[in-house]
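# Examination of the molecular architecture
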Amino acid sequence: MAGNICISVFSLCGRLSRAQIVASGLCHTDLYHLFEGMHKDGFPAVLGHEGAGIVESVGPGVIEFQPGDKVIPLFISQCGECRFCKSPKTNQCVNALDVGVMSPLESRFTCKGKKVLQFAGTSTFSEYTVVNQMAVAKIDPTAPLDKVCLLGCGICTGYGAAVNTAKVEPGSTCAVFGMGAVGLAAVMGCKAAGAKRIIAVDINPDKFEKAKEFGATDFVNPKDHSKPVSQVLSEMTDGGVDFSLECVGNVGVMRSALESCVRGWGVSVLVGWTDLDDFAARPIQLIAGRTWKGSLFGGFKSKDSVPLMVKKYLDKKILVDEFITHNMALDQVNDAIELMKQGKCIRTVLSISPQ
């Protein structure tokens, strides 16, 4: 993945914009596609989907953007016209990519005359990318692109899962499983929603202090206990938490998160990305009144919400800088991958091209 790659971009047509990518975060979903995903036809591909850049040129029919605009490419489009976009119940869009297909065969990239697939409709590990105008958000011109790029995926995904999908309530008790960037953002969302107690769950004790920075009040390491973590949490909270969020992408952890919820009204949200295995639970868990639901991009309608999240950051209402543990050049992407695989970073921001 490292090294100099010559990528050509097809000429613009049909409401497309070409953006110069300035910075991009490395997300675990990039690693999932690279190492775990079962889509053998998804390569070669330009990875990256958590980027920010500047509009370089626009194609015919583009009226929302002009060269020089600061933008964040979106892996979930928002056409604004379909039945999903018009419904307040979802952030899905009829024109969005199939969530199970990360690198569709249609692509505007070539390398040495051969097609290279576009990952998640964005491919932000490239100096330039081409996106449809319904899959890009114009943001505040004062926003630092090497920071707000993280709002293109991880932070919105975790934060929104708490405030939009779980609908965490003031005074409630929450448990967040997995203290990567998405999990920490979920902790931040629980705090913003007024949760009284936020229990961070992770097998890496080095994440303890970072979790506190984002609002965690307690920390549980499942390795420290001989009993199931759901039982540990139940005993800590007089029967279970009000809300749990699974931010790992592991079906076993998903079940543990559900079983950690209090019967009667507990809500558990699947946030971590995976499509490898079936998940299961005993029916009585739901019959007893628990709710099990999923969240994609935190339930945020992308074009509408990302600019608002950028404003929240500029107004110092959410943390962003605190997620960044490393800054690297694009040709160090393999080093960034190793850091994430070893759990030694929260977010690495790659410098793609100068502003």
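Please refer to the structure higher up on the page.
The sections below set out a description of the structure shown in this document. Computed from a predicted model, the values in this text were never measured in an experiment.

Here we take up the packing of helix α3 (residues 154-166) against helix α4 (residues 181-192). Interhelical geometry of α3 versus α4 gives an angle of 40° and a closest axis separation of 7 Å. With respect to α4, the axis of α3 lies oblique. Note that α3 runs across α4; the crossing there is right-handed. Contact with α3, carried on its side by G154, I155, T157, G158, Y159, A162 and V163, involves V182, A185, A186, M188, G189, C190 and A192 of α4 and no other residues of that element.

What follows concerns the pattern of salt bridges. As enumerated under the stated definition, the model contains twelve salt bridges in all. Close ionic contact of K311 with D315 constitutes a salt bridge, the shortest N to O distance being 2.7 Å. For K311, a relative accessible area of 48% corresponds to the partly exposed category.

This part covers the packing of aromatic side chains. This model, assessed by the stated rule, comprises five aromatic pairs. Relative to F297, the ring of F75 lies with its centre 5.3 Å away and its plane at 75°, an arrangement referred to as edge-to-face. With F75 in the loop between β5 (70-73) and β6 (109-111) and F297 in the loop between β15 (291-294) and α9 (302-314), the pair connects residues that are 222 residues apart, well separated along the chain. Ring centres of F297 and F300 lie 6.5 Å apart, and the angle between their planes is 70°; on these two criteria the pair is classed as edge-to-face. For the pair shown, F297 and F300 are each scored as buried. One aromatic cluster in this structure is built from F75, F297 and F300.

Every second residue of β5 is oriented toward a common face, with K70 and I72 on one face and V71 and P73 on the other, all of them buried. Bridge analysis of strand β4 (residues 50-58) against β5 gives two bridges, and the strand direction is antiparallel. Looking at β5, one finds that G53 is bridged to V71. Both β5 and strand β9 (residues 136-138) contribute to a ladder of three bridges, which runs antiparallel. Residue pairing across strands places P73 opposite V136, the latter belonging to β9.

Strand order in the open sheet formed by six strands is β12-β11-β10-β13-β14-β15, with parallel pairing between adjacent strands. One side of each edge strand has no neighbouring strand; the edge strands of this open sheet are β12 (218-220) and β15. Each strand axis lies, on average, 20° off the axis of its neighbour in the sheet, ignoring direction. As paired strands, strand β10 (residues 173-177) and strand β11 (residues 197-201) are joined by five bridges and run parallel to one another. In the strand pairing of β11, T173 is matched with R197. Sitting on the sheet, helix α7 (residues 251-259) touches β10, β13 (243-246), β14 (267-270) and β15, and the angle it makes with β13 is about 175°.

Rules behind the numbers
- Residues numbered from 1 in each chain as written.
- Predicted model: local features only at pLDDT ≥ 70, side-chain atom pairs only at ≥ 80, totals over all residues.
- Heavy atoms only, no water.
- Axes fitted to C-alpha atoms, helices over the stretch in contact; angles between N-to-C directions.
- Helix = DSSP H or I, 4+ residues; strand = E, 2+ residues; numbered from the N terminus.
- Parallel < 35°, antiparallel > 145°, perpendicular 65-115°, else oblique.
- Left-handed = near helix turned anticlockwise from the far one by under 90°.
- Contact = heavy atoms within 4.5 Å.
- Salt bridge = Lys/Arg side-chain N within 4 Å of Asp/Glu carboxyl O.
- Buried < 20%, exposed > 50% of the residue type's maximum accessible area, 1.4 Å probe, protein only.
- Phe/Tyr/Trp six-rings, centres within 6.5 Å; stacked < 30°, edge-to-face > 60°.
- Pairing = 2+ DSSP bridges.

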